[in-house]
Structure formats: C-alpha cells, structure tokens
Amino acid sequence: MKRIFEKFIESLLTLSGATTGIIILLIVIFLFREGAGFFRHSEIESGYVLCVNEENPVYRLTPKQIKEIFDYEIDNWSLVGGNDEEITPFRISDISDYYSDEELGENNEFLPEKLGEIIAATPGMVAFIPEQYAADTNERVRQLITEKLNPADFFGGDTWMPTATPAPQFGLLPLLLGTLWVGLCAILIALPLGLGVAIYLGELADEKIRNLLKPTIELLAGIPSVVYGFFGLVVVVPFIQKTFDLPVGETAFAGSLILAIMALPTIITVAEDAIRNTPQAMREASLGLGANHWQTIYRVVVPYSISGISAAVVLGIGRAVGETMAVLMVTGNAAVIPHSLFEPVRTIPATVAAELGEAPHGGAHYGALFVLGCILFLITVVISVTAEVISKKQPQA
Amino acid sequence: MLETKNIDFYYGGFHALKNIGMKMEDHTVTAFIGPSGCGKSTFLRLFNRMNDLIPDTRLTGECLIDGEDIYHKSVDVTSLRKRVGMVFQKPNPFPKSLFENVAYGLRVAGTTDSRFIAQRVEESLKGAALWDEVKDKLKKSAFELSGGQQQRLCIARALAIAPSVILMDEPASALDPISTSKIEDLIHILKKDYTIVIVTHNMQQAARVSDKTGFFMLGELIEYNDTKKIFMSPEKEETQNYITGRFG
Ligand SMILES: Nc1ncnc2c1ncn2[C@@H]1O[C@H](COP(=O)(O)OP(=O)(O)OP(=O)(O)O)[C@@H](O)[C@H]1O
Ligand SMILES: [Mg+2]
C-alpha cells in the first residue's frame, strides 16, 4: 500500500516536471515559429505594388530607398541607379490632384486606366498603388520587383519604422543598441554601488543592521516594475531634465538609473551570499599573516568570491536587459541609434510591449516583434548560461 | 617567551578556559593535548588574538610575549600577528598562485621590493621543505598541490613574515602518514629558530616532536611538564588515564 502511494507521488512529480518542460519548449517553439514568419512577408505592404514608367531603367528599390523616396529625401533617379531624372512619388490619394471624381467614374471604374495614363505621362514617377489596379493600367506601366524581407536588412538596418508606408522599416540596430546601451550604463551604475553594499553587509555591518537591511533589500526585488517606472517618471525624469538642462528628461540615462536601482537587489543579494560563503579559514589565514581587515577583504575575500560576484553582475545585467515596463515609461521610446546618454532611446522589450497591441495579427510588423522576442530570448539565454558557468567555477579549498 | 597568568576565557556565558598559567621558553616545542572541546584551540588562539574575531567573548588575566602584555590597548594586532604565525588544522591556502601565497604576508606588510620578495619566498619554501617539489610551478594555483603540500605551503607562508612564534593547531590531522612525518621532521628543524606551540590529538606525535606537554581537560590545564615526564610518569591520574587511552 505504502509502496503504491510512493510510486504514485513519484510519477506525479515526474509528470509535473515533464509538463513544465514541455510547456517551456512549446513557448520557445511558438516564439521562433512566429518570428520566422516575418521573413516570409514582402518588403512593401501586402496588396500593393510600386509601378514606374516602362522607360525607367530601375527594376528594384530597397525598402530604405523606397522610404526615402516617399519622404522626399531622395529626389533623383540617378541616386538609385537610374537616369538623371526627378522622382515623382505618387500615392493613390494623390489622384485627386490629377482627376476629378467625375472623371474617375462613380465606382472608380476608370481609376486603373487613369493611373496608367498618369504613369505613362510622367517618366520620373513611382506610384504606390493597389495590386488590383496595377493589372488594368497599360503596357507602358511596369511593376518594380519586390522581394521578401531579408535578414540582412533586418539585422543591419538602422531605422525602425514598422508602420511606414509604402515600405515599413524593420531595422534592428536602434533597438538592439538602445537595449545594450541602457543595460550597460545601468550595470556601470549598479555594479560599484551593489558591490559596495554587498561588501558592507557581508563584512562590515554588525549582525543587527544586517538582519534589518538584507530582508529590506530583498523586498525591493519584489516591487512591481511599474512602480519603479512610476517613480522614475515622477522623480527621476524631471530631476534629470532640470539637472542637465535637457529638452526632455525621458532619456537613456533615466532608463539606466531606474534599471540600476532595479538590478541592485539582485546584485547585492547574490554578491553578499558569495562574500559570506568565503570560508572563515580564508579570513583567518589572511589576518593571521598580519593583514588588516581591508587588505583581507580586497586581497582574499573578493578574489575568493569573485565567481559569485560575477554571477551577481551577470544576473543584474540579465534583469536590466530583459526589463520592460519601467524602461518603457522613462526612456522616451525614440527608436533611434543612441549617440549619448541624454537622448531618448527605445529598448527591445519596450518595443514589443508598446507595439504588439497595434500590430495586425499575422502581419510583417507582428512577425518582426516576434523576431525581437527571439533575440531577447537568445540574449537572456546567453546571460544565464554565462552566470551558470561562472558560478560553477567556485575555487575549492 | 610566552607566558600566561590567570587566564579565564568566556564564549558568551560559557567558561572555556579556567585560570590557566603557563610559560613556554624560546626555541622549544610545546604540545597541547587533551580531549576534544577542552579548550586547546581556544588557548592557542589567544597568542595571536585570533579569538578577537569571535563576537561576544571575554578574556581576563594576562597573556605575555617576551614580557609584553599582548592584550594591552597600545598593542597593534596586525604587528602582533606578524610576530606570531599560525598554521591551521585544515590547509587553507589562498586561491592564488604558490608564489603569491607565500608572498602574501610581505605584500600586506607593504613590501614592494620584488627581488627581496622572491628571495624570501624561496627561503620560506626551503624552510618548509617544499622548495624542491614546487620550484618549477610557482605560478600554479595553490589548489593544485596535495593536502600535505598545501599544509607545508601554509607553513612556508607563515615563515615568510619571519615570526618568532609559530602556533600550529593540529597541523597534521588532515594528512596522510608520509606528509605527517614530513611535517614532524620540519618541526624539529624549525625549533632552532622559532618557538613552536602545537595542538595535537596524536599522543605519539606529541611525544615525538615536543619538549614540553600541557594536558588540558574541561578548560583547565591539568598538568604541564617535560614531555618525557608526562608520558613516562605523569603526576595526575587524569593525565595517566588520558595518555593510556582510558579516557577521551
Ligand atoms: N566560537 C565559539 N563560540 C562558542 N563556543 C565555542 C566557540 N569555539 C569553541 N567553543 C567552545 O569552547 C570549548 C573549547 O573549544 P576548543 O575549540 O578550544 O576545543 P579544542 O580543545 O580545540 O577541541 P578539539 O580538540 O575538538 O579541537 C568547546 O566546548 C567549544 O564548544
Ligand atoms: Mg581545536
């Protein structure tokens, strides 16, 4: 009877372990499958095509070129490999500049024909029109070749404008750099502070203070990140704006500061544990050789607990890189490649959180956010593996 | 010369050492024996003030080295510890290279002359009978040594700061017989230059290495005399019982 009961419990535990594993695996698979879907989308909005005059020697434009043309930043075909001719970008809504509603017919039945006429008459035109109209224009109109979104543009792209028309810009760099930038600065702030507190708690504070301080710090780790974000928005952002006399306070620096505060409890707790785990024998050996307390700390305790301390740092970085809400609230969310600490930036997790709601399900934008998710996932995997490897390297006495 | 007068020591409310007075001459080896928990380590650690690290302890009485009360306010603990080296029960090398382990005491004392340090390291390793085994791998981690080698490294580390007294708390208890006899041989040699106090649970070891032996029980020094006398014809019955193995 007892044996059966034990067997039952055993299989129950095995089952729950297996279930958890499978669920995690499914989530990862889901993430990557949705992400892979992104690269099956076309470079320009689906259902639309770009048409040019048949005499135009240009057959293909990259998404970036398309964007710049329609933003009037590129205004001559020679800049994109064509003749020296002015570019006239054309959107379907511009048709009213050329023809009145009557001329287009009651149900727009003459629209394709008229489009054809416009394009045929304007050698420098590039028209962004629905696919269905393009078919019924005339033989003097040629469609530009559009390709699928490609990884090189994604990973090397420096513009993130997922809702731009005709060609949305999915450039990872501003987001990736924003994430790393904010994370790195956060660590640079949190590290010395966290280590200082960890050393103080582990080596200097007397038992009473430690017993009070340590649980308090551990409690900080449990505060929801919106609360930190709120604090950042109300206190840190205006403070930064005033102190550095900036147009806006929502900057990379504000994000780093908030992240640093959020990463502190992790860093302090893990590093302090490592410091405390330094065997008393090490301290006694050092003191016994005439070293004073400080020399013992930095020559023996810190080197001895260095693996634990590094693990603390890596975990802190992990927290900083993956954190969403607080950063979303205080960094200003401008998806531009950061040049200084005092500009708005946008991080990967903040982008996903902010945009997933408005990205049409199954579209390119939606897929792009999943690719971001995959990248974030890979970053955190690398970080946790690093932490794992480092903390296993504990020296044994 | 080490001397104590009316030493009483308390861990919180626990009376660990009771009215202990004894003298240890220079260039002698003194062994402390006694059942586990009788206070040998506690007494030994008084001489380099290692017990200061333990919170909530109290000491009364006098503890003198060459006539100077080492618990006097004016005494600098770190310089005291440079004069009184210690070797612990379990080898406890630092997570550093062999060289840096031995050089540690010099470095923390502020010595920067690297020729002098290298010379001291060599002398100390020779003094600890370890030089020939490790001279080609001084840059290697101390953890790569065997337990016996690690213990001799710890002895070398203590020798490097040129103390006058060396305290050894069961230095061979974690070692194999060959390493143990190496350490015992070493103690014989070191005796010429140092005053040595050693705690041991091994009667034969105490008989082999020491000139004088103190027998402790329940925080008291029961008997203290020449080692020969203690082992051949102890005065107290407890001592007799202990060394013949009828007790403890
Ligand atoms: N840090 C401490 N706090 C409280 N009591 C202690 C502490 N260290 C030792 N004691 C107590 O003091 C007594 C003497 O301990 P000590 O370590 O000096 O014994 P010992 O003779 O060295 O024993 P052993 O042979 O086992 O090493 C023991 O009863 C022990 O429980
Ligand atoms: Mg002991």
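Rules used in this analysis
Residues numbered from 1 in each chain as written. Chains lettered and ligands numbered in written order. Predicted model: local features only at pLDDT ≥ 70, side-chain atom pairs only at ≥ 80, totals over all residues. Heavy atoms only, no water. Helix = DSSP H or I, 4+ residues; strand = E, 2+ residues; numbered from the N terminus. Rg over C-alpha atoms; globule rule 2.2 N^0.38 Å. Buried < 20%, exposed > 50% of the residue type's maximum accessible area, 1.4 Å probe, protein only. Areas by Shrake-Rupley, 256 points an atom, 1.4 Å probe, with all protein chains shown as cover. Lys, Arg positive; Asp, Glu negative; His and termini not counted. Charge placed at Lys NZ, Arg CZ, Asp CG, Glu CD. Axes fitted to C-alpha atoms, helices over the stretch in contact; angles between N-to-C directions. Parallel < 35°, antiparallel > 145°, perpendicular 65-115°, else oblique. Left-handed = near helix turned anticlockwise from the far one by under 90°. Contact = heavy atoms within 4.5 Å. Nonpolar A, V, L, I, M, F, W, Y, C, P; charged D, E, K, R; others polar. Salt bridge = Lys/Arg side-chain N within 4 Å of Asp/Glu carboxyl O. Near = heavy atom within 4 Å. Polar contact = N/O pair within 3.5 Å; in protein donor to acceptor, adjacent residues only side chain to side chain. Disulfide = S-S within 2.5 Å. Domains from an automatic or database assignment. Core = buried A, V, L, I, M, F, W, Y, C linked by side-chain atoms within 4.5 Å. Pairing = 2+ DSSP bridges. Phe/Tyr/Trp six-rings, centres within 6.5 Å; stacked < 30°, edge-to-face > 60°. Lys NZ or Arg CZ within 6 Å of the ring centre and 35° of its normal.

### Some details on the overall build of chain A
Looking only at helices and strands, one finds 16 helices and 6 strands in chain A. What you see for chain A is a C-alpha radius of gyration of 29 Å, clearly larger than the 21 Å of a compact globule of 397 residues, by over 25%. Each principal axis of the C-alpha atoms in chain A carries an extent, and together these give about 95 × 70 × 35 Å. Looking at chain A as a whole, 46% of its 397 residues qualify as buried. Accessible surface for chain A amounts to roughly 19700 Å². Of this, 63% is attributable to carbon and sulfur atoms. Within chain A, one finds 24 positive and 43 negative side-chain charges whose respective centroids are separated by 20 Å.

### Overview of the packing of helix 1 (residues 2-37) of chain A against helix 16 (residues 364-392) of chain A
Residue and element names in this part refer to chain A. Between helix 1 and helix 16, the least distance of the axes is 7 Å, while the angle of their chain directions is 135 degrees. In terms of orientation, helix 1 lies oblique with respect to helix 16. Considering how the two elements wind past one another, helix 1 and helix 16 form a crossing that is left-handed. Only Tyr366, Gly367, Phe370, Val371, Gly373, Cys374, Phe377 and Leu378 of helix 16 make contact with helix 1, whose side of the interface consists of Val28, Phe30, Leu31, Phe32, Glu34 and Gly35. Residue classes in the contact of helix 1 with helix 16 are distributed as 10 nonpolar, 3 polar and 1 charged.

### Digging into the pattern of salt bridges
Within this structure, the stated rule accounts for 27 salt bridges over all chains. Here Glu147(A) makes a salt bridge to Arg60(A), at a shortest N to O gap of 3.8 Å. Residue Glu147(A) is found in the loop between strand 4 (141-143) and helix 6 (151-156), and its partner Arg60(A) is found in the loop between strand 1 (48-53) and helix 2 (63-70); the two are separated by 87 residues along the sequence. Given the relative accessible area of 26%, Arg60(A) is considered partly exposed. Between Lys229(B) and Glu235(B) there is a salt bridge, with its nearest N and O atoms 3.3 Å apart.

### Looking at the site of ligand 1
All names here are of chain B. Not every one of the 13 residues close to ligand 1 is listed here, only the nearest: Ser36, Lys40, Ser41, Thr42 and His201. Interatomic distance of 2.8 Å between a backbone N/O atom of Gly37 and an oxygen atom of ligand 1. Listed by contribution, the elements that provide at least two residues to the shell around ligand 1 are strand 2 (14-24) and helix 1 (40-44). The leading source of residues in the shell around ligand 1 is helix 1, at 3 residues. The residue makeup of the shell around ligand 1, split by class, is 5 nonpolar, 6 polar and 2 charged.

### Digging into the state of the cysteines
A full pass over the atoms with the stated rule returns 0 disulfides over all chains. With no disulfide partner, Cys63(B) has as its closest neighbouring cysteine sulfur the one in Cys38(B), 17 Å distant.

### A short note on the domain arrangement of chain A
Taken domain by domain, chain A consists of domain 1 (48-147) and domain 2 (173-392). Taking only C-alpha atoms into account, the centre of domain 1 of chain A sits 50 Å from that of domain 2 of chain A.

### What to know about the nonpolar core
Residue and element names in this part refer to chain B. Counting residues in each nonpolar core, the largest one holds 46 residues, and the members touching the most others are Leu125, Ile155, Met168 and Leu190. Of the residues forming this core, the biggest block, 6 residues, is contributed by helix 6 (residues 147-160). With residues up to four places along the chain from it excluded, the contact list for Ile155 reads Val87, Ala128, Met168, Ile183, Leu186 and Leu190.

### Structural notes on the sheet that holds strand 1 (residues 2-11) of chain B
Pairing is antiparallel in the open sheet, where 4 strands are placed in the order 2-1-4-5 (chain B). Since the sheet does not close on itself, it has two edges, and those belong to strand 2 and strand 5 (68-69) of chain B, each with one partner.

### So, the pairing of strand 6 (residues 84-87) of chain B
All names here are of chain B. Burial along strand 6 is two-sided: the face carrying Val84 and Met86 and the face carrying Gly85 and Val87 are both buried. Pairing analysis gives 4 bridges linking strand 6 to strand 7 (residues 165-169), with the strands arranged parallel. Bridge pairing in strand 7 places Val84 opposite Val165.

### What about the packing of aromatic side chains?
Residues and elements named next belong to chain B. Under the counting rule described, the total for this entry stands at 22 aromatic pairs over all chains. Centre to centre, the rings of Phe9 and Tyr11 are 5.2 Å apart; their planes meet at 85 degrees, and the pair counts as edge-to-face. Seen from their ring centres, Phe32 and Phe43 are 5.4 Å apart, and the 40 degrees between their planes marks the pair as tilted. One end of the pair, Phe32, is in strand 3 (residues 29-33); the other, Phe43, is in helix 1, with 11 residues separating them in the sequence. By relative accessible area, which is 0% here, Phe43 ends up buried. The ring of Phe94 is capped by Arg157, whose NZ or CZ atom sits 4.5 Å from the centre of that ring. When the ring centre of Tyr224 is taken as reference, the NZ or CZ atom of Lys212 above it lies at 5.1 Å.

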